[in-house]
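# Summary of the model geometry
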Amino acid sequence: MKRGTKTVTRTAALMLSAALLATSATGYGQSAPAEPVQAVKPRAGADAGPDRGPNEGFGPYNKWVVRAVTLIDGSGAPPRGPVDIVIEGDTIADILPAGTPGLPLKDGREPRDFDYELDATGMFMLPGFVDMHVHGSTDDKAPDLSYSYKLWLAHGVTTVRGVDLAPFEVSLSEQARSERNEIVAPRIFVYQRPGQGEGWTGGRTNTPEKARAWVRWAAGEGIDGIKLSNNEDQPPEVIEAIIDEAEKQGLGTVAHLSQIGVGRLNALEAGRMGLDSVTHYYGHFESLLKNGPVQDWPVDYNYNDEQDRFGNVANLAAESFEADSEEWWDYLEEQKENNVTFDPTMTIYLAGRDLMRARNADWHDTYTMPQLWQFYQSSRINHGSYFYDWTTATEVKWKNFYQKFMHLINDYKKIGGRVTTGSDSGFIFQPYGFGYIQELELLQEAGFNPSQVIQAATLNGALTLYEPKGQPVPPIGTVRVGKLADMVIVKENPLQNLKTLYGTGFLRLNEETQELERVGGVSYTIKDGILYDSKQLLADVAAMVRAEKVRMGLPEEGVVRR
Ligand SMILES: [Zn+2]
């Protein structure tokens, strides 16, 4: 649906027939020439987030101070504290000792000339998290983008790489509004797809020349990078031209090497061309196929049937060289040589290995928007809703595939390859924010120690975002003097239990009362020196969800499960 041309309510839109939706949705890049008819409807538009209200966020201040935290700085250094963190404007101005562990805090500590003081004694501070693979909430999933923004911030995500966040112009204007802190939103990096943009008049970008022209045009418009997908308009020569031109323009590149093109260009070949990051699993195992570059598709496979597309991915585990084989290590070593970042987004396919768990997760009842819930339900037209007949055997295949996928990601980390954290939430029963924390847990399951998980979630993302801009020292990603003040403050030690970062917290038995208690959740999120009460952000989201349920005539509590 085009923004501004909505003539039906969203409720009514949900009830339209599948056929109508499939033909009326105009999706992204509306000005682009006709795309081939697709089985799955293209992504809908996105409505800008509302202006930041007077009671949303405290600051920025000339000078304020967070007292007596234990600092996990994101660099991989061990926690240290207690320390006081001084923030001036949007910048970390000082990190001062507040005492010695085991002894009372020092009295009368500097600074005394602050505008605001937050007593965070006993709490933990981390750098703001970086979600390297996001799409904002589209208008068929939530009323506007603030739904995804607030869920990200509430989970400590202060920077997102939109791949793409929204249609071209919306992404750029939301980025600028976030930069000015006019909206309650994380820092936004704008990665768009070739050919997008209402101002682009050069037509289909399916030749190296036209693709280069689009890259130059889009760079001029101010995007940060390009999302590649290996589709029929992106054969290897076009991708090579895009990567080359992107490097010249200071743009980053990330590829979802879809099955459509991966037989001709796998992750290793793309890495040799200079691709910056590989997102999802696509392309890795195709670089390791024992029987040559084309996967052994079942003879009745149909890519446009999403259960085929996702159900058969797991076959790659059996068709690729074993973990620890010579080919395995050669692959990883060469990708490290190529400076390729792995952004595995394991969370988004998690339902594949345990559908019931994903459907029944703690957060759906209160935080899943009814339209989003509807979008998740098995459907031939909603992307990622491919559970038409999802069997034990399919889940077992995915479980096995995940073991190998995690092994690969962990081995890459072991040799010094860079791994980042992305979520791709908004599909497949994964809501924004919650899905991101799940990705952190999955990295730990893969073999990362908790400090490595945090480093992947902070510094590694920052490096990957700023390197293409010629800034090898990113202004975010660690808590250090001189960096931008993007931080997360939590009561529980996240290194001890990543689950405590979920907005819904973690259930623990209180030994004194013998009652179950929900503990955890992020307490505060700081972006550009502005302090947000993370619990309030969650409450805002809960209220949005409730209001939509009322508007749509649905029960206020829970979701409608079949
Ligand atoms: Zn995605």
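Residues numbered from 1 in each chain as written. Predicted model: local features only at pLDDT ≥ 70, side-chain atom pairs only at ≥ 80, totals over all residues. Heavy atoms only, no water.

As recorded in an unreviewed UniProt entry, the protein goes by the name Amidohydrolase, listed as coming from Pacificimonas flava.

### Some points on the pattern of salt bridges
A side chain of one charge can pair with a side chain of the opposite charge if their charged atoms are brought near each other. Counted according to the given criterion, the structure contains 32 salt bridges. Across the salt bridge formed by Glu88 and Lys63, the nearest N and O atoms sit 3.9 Å from each other. Taken together, the residues span a long stretch of sequence, with Glu88 in strand S2 (residues 80-88) and Lys63 in the loop between helix H2 (18-24) and strand S1 (64-71) at a distance of 25 residues. When its relative accessible area of 19% is taken as the criterion, Lys63 is described as buried. One salt bridge in this structure joins Glu117 and Arg67, with 2.6 Å as the shortest N-O distance. Within this pair, whereas Glu117 is found in strand S4 (residues 116-119), its partner Arg67 is found in strand S1, the two being separated by 50 residues in sequence. We classify Glu117 as partly exposed; its relative accessible area is 37%. Overall, Arg67 belongs to the buried group, its relative accessible area being 4%. Connected via shared salt-bridge partners are Arg212, Arg216, Asp244, Glu245 and Lys248. (Salt bridge = Lys/Arg side-chain N within 4 Å of Asp/Glu carboxyl O. Helix = DSSP H or I, 4+ residues; strand = E, 2+ residues; numbered from the N terminus. Buried < 20%, exposed > 50% of the residue type's maximum accessible area, 1.4 Å probe, protein only.)

### Quick word on the coordination of the zinc ion
Ligation of the zinc ion by protein atoms is provided by His133 (NE2), His135 (NE2) and Asp424 (OD), these donors lying 2.0 to 2.4 Å from the ion. Within one chain, the residues serving as donors to the zinc ion are arranged as H-x1-H-x288-D. Of the two residues, His133 and His135, both sit in the buried class. (Donors = N, O, S within 2.8 Å, 3.2 Å for Na, K, Ca; no water.)

### Structural notes on helix H18 (residues 459-466)
In terms of burial, H18 is a largely internal element, eight of the eight residues being buried. Along H18, the positions that sit buried rather than exposed are Leu459, Asn460, Gly461, Ala462, Leu463, Thr464, Leu465 and Tyr466. Looking at the buried side of H18, the elements it contacts are strand S6 (129-134), strand S7 (157-162), strand S8 (187-192), strand S11 (277-279), strand S12 (341-343) and helix H17 (450-457). (Contact = heavy atoms within 4.5 Å.)

### Comments concerning the sheet that holds S8
The strands making up a sheet are joined through hydrogen bonds of the backbone, oriented either antiparallel or parallel. Read from one edge of the open sheet, seven strands run S6-S7-S8-S9-S10-S11-S12, paired in parallel fashion. Of all the strands in the sheet, just S6 and S12 have a single pairing partner and so form its edges. For this sheet, the mean inter-axis angle between neighbouring strands, taken without regard to orientation, is 25°. Here S11 pairs with S12 via three bridges, running parallel. Pairing of Ser277 across the sheet is with Thr341, part of S12. Strands in contact with helix H6 (residues 236-249) are strand S9 (225-228) and strand S10 (252-255); relative to S9, the strand with the most contacts, it is inclined by about 165°. (Pairing = 2+ DSSP bridges. Axes fitted to C-alpha atoms, helices over the stretch in contact; angles between N-to-C directions.)

### Description of the packing of aromatic side chains
Per the stated rule, a full pass over the model turns up 37 aromatic pairs. Ring plane angle 35° and centroid distance 6.0 Å describe the contact between Phe129 and Tyr436, whose orientation is recorded as tilted. Separated by 307 residues along the polypeptide, Phe129 in strand S6 and Tyr436 in helix H16 (residues 434-446) bring together distant segments of the chain. Note on Phe189 and Tyr466: the rings are 5.3 Å apart at their centroids and 85° apart in plane angle, and the pair reads as edge-to-face. Linking Phe189 in strand S8 with Tyr466 in helix H18, this pair joins segments that are 277 residues apart in sequence. (Phe/Tyr/Trp six-rings, centres within 6.5 Å; stacked < 30°, edge-to-face > 60°.)

### Observations concerning H6
Given a rise of 1.5 Å per residue, 14 residues ought to cover 20 Å, and the 20 Å separating the end C-alpha atoms of H6 matches this to within 8%. Listed as buried for H6 are Pro236, Val238, Ile239, Ala241, Ile242, Ile243, Glu245 and Ala246. Against helix H5 (208-221), S9, S10 and helix H8 (267-273) lie the buried residues of H6. In the stretch just after H6, Gly250 is the one whose phi turns positive, near 75°. (Expected span 1.5 Å × (residues − 1).)

### Some remarks on the packing of helix H15 (residues 392-414) against H16
The angle between the axes and the distance between the axes are what describe a pair of packed helices. H16 packs onto H15 with a crossing angle of 80° between their chain directions and a minimal axis gap of 8 Å. The orientation of H15 relative to H16 falls into the category roughly perpendicular. In contact with Met406, Ile409 and Asn410 of H15, H16 contributes Leu442, Leu443, Glu445 and Ala446. Of the residues belonging to the contact of H15 with H16, the class tally is five nonpolar, one polar and one charged. (Parallel < 35°, antiparallel > 145°, perpendicular 65-115°, else oblique. Nonpolar A, V, L, I, M, F, W, Y, C, P; charged D, E, K, R; others polar.)

### Let's talk about the environment of Asp296
With respect to the helices and strands, Asp296 occurs in the loop between S11 and helix H9 (306-311). Taking the relative accessible area as the measure of exposure, Asp296 reaches 58% and is therefore exposed. Note: C-alpha distance between Asp296 and Asn315 (19 residues apart in sequence) is 8.6 Å.

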